[in-house]
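Here is how the chains run, residue by residue.
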Amino acid sequence: MLCLRVPSDERWILHARAHLDEVLSDHAHCEMKAAANALSLAARHPGNLPLVRALSRLAREEMEHFERVVEELERRSIPLGAPPVDVYAASLRKVIAAVSAPRGISPLVDRLLVAALIEARSCERFKGLAEGLGDEHEGLRAFYRELLASEARHYRDYVDLAKAAAGPDFEGAVHARLAILSDREADIVRGLAGRGAEATVHG
Ligand SMILES: [Fe+2]
Ligand SMILES: [Fe+2]
């Protein structure tokens, strides 16, 4: 799916079904972090107004998602709780920082590609929830069907923003970089699955 090299381990959805409250709480935090990340990127590049506008739009959508997940928490009397550590996202950023970037791949391009990968994996996990939750959660399944379409679009938006940031001469370099990052992302997902599933969106 999208740029992903490996599907999520099937144990993840079984674990998520059994710990849905925790997954929902983590999901709310993921949406808020996605918005915060987009705004932090925008704040660092005030000279690039098309980028700032696109990131602001993305952040607004992520906050809408956040509010809808919080409504779901309230309906189910689930506390939001403190944000769990996102080992997946932290590992991805660490690994990417360690892979030296070729000409044309700026730190901004890397950050946009990392964001694209996180969107792609979120989309895949939401598909898992849309298809894997029981019939008693039909409302929630419909919500995840809608969200997975948004996150797929965000994936494409971030890849397009990375290409725009690199410029037309480096489009090939952006695709090559994304391919490398996708390989690393697959290693991280395999590693996390080996540790046993966690009740988080990316765990
Ligand atoms: Fe979202
Ligand atoms: Fe998103």
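Before reading on, note that the structure itself is shown above.
Scope of this entry: the structure provided in the associated data block. (Residues numbered from 1 in each chain as written. Chains lettered and ligands numbered in written order. Predicted model: local features only at pLDDT ≥ 70, side-chain atom pairs only at ≥ 80, totals over all residues. Heavy atoms only, no water.)

Describing the packing of aromatic side chains
Now for step 1: Summed over all chains, the structure comprises two aromatic pairs.
Now for step 2: On the numbers, 5.2 Å between centres and 45° between planes, the contact of F126 with Y144 is tilted. Within this pair, whereas F126 is found in helix 5 (residues 107–132), its partner Y144 is found in helix 6 (residues 138–166), the two being separated by 18 residues in sequence.
Now for step 3: Considering the side-chain rings of F143 and Y144, the 5.6 Å spacing of their centres and the 50° angle between planes classify their relative orientation as tilted.
Now for step 4: Overall, F143 belongs to the buried group, its relative accessible area being 8%.
Now for step 5: A relative accessible area of 0% means that Y144 is categorised as buried.
Now for step 6: Three or more aromatic residues link up through ring pairs in this structure, and these residues are F126, F143 and Y144.
Now for step 7: Sitting over the face of the ring of W12, R125 holds its NZ or CZ atom 4.6 Å from the ring centroid. (Phe/Tyr/Trp six-rings, centres within 6.5 Å; stacked < 30°, edge-to-face > 60°. Helix = DSSP H or I, 4+ residues; strand = E, 2+ residues; numbered from the N terminus. Buried < 20%, exposed > 50% of the residue type's maximum accessible area, 1.4 Å probe, protein only. Lys NZ or Arg CZ within 6 Å of the ring centre and 35° of its normal.)

Considering the pattern of salt bridges
Now for step 1: Inspection of the entire model under this criterion finds 15 salt bridges.
Now for step 2: Among the ionic pairs, D183 bridges to R5, the shortest N-O distance being 2.7 Å. Residue D183 is found in helix 7 (residues 171–195), and its partner R5 is found in the segment before helix 1 (10–18); the two are separated by 178 residues along the sequence.
Now for step 3: The shortest N-O distance in the salt bridge between D187 and R190 comes to 3.1 Å. Of this pair, D187 and R190 both sit in helix 7, three residues apart, roughly one helical turn.
Now for step 4: Assessed through its relative accessible area of 43%, D187 is described here as partly exposed.
Now for step 5: Residue R190 is classed as partly exposed on the basis of its relative accessible area, which comes to 48%.
Now for step 6: A single salt-bridge network, built from bridges that share partners, covers R121, E124, R125 and E185. (Salt bridge = Lys/Arg side-chain N within 4 Å of Asp/Glu carboxyl O.)

Focus on the coordination of the iron ion (ligand 1)
Now for step 1: At 2.0 to 2.2 Å from the iron ion (ligand 1) lie its protein donor atoms, namely E31 (OE), E62 (OE), H65 (ND1) and E151 (OE).
Now for step 2: Classification of the site at the iron ion (ligand 1) as irregular follows from its four donor atoms and the range of 88 to 139° in their angles at the metal.
Now for step 3: Written as a sequence motif, the donor residues of the iron ion (ligand 1) are E-x30-E-x2-H-x85-E.
Now for step 4: Here the iron ion (ligand 1) and the iron ion (ligand 2) are spaced 3.4 Å apart, linked through E62, which binds each one. With E31 in helix 2 (residues 20–44) and E151 in helix 6, the pair connects residues that are 120 residues apart, well separated along the chain. Considered together, E31 and E151 belong to a single accessibility category, that of buried residues. (Donors = N, O, S within 2.8 Å, 3.2 Å for Na, K, Ca; no water. Tetrahedral: all angles 85-135°; square planar, octahedral: opposite > 155°, others 65-115°.)

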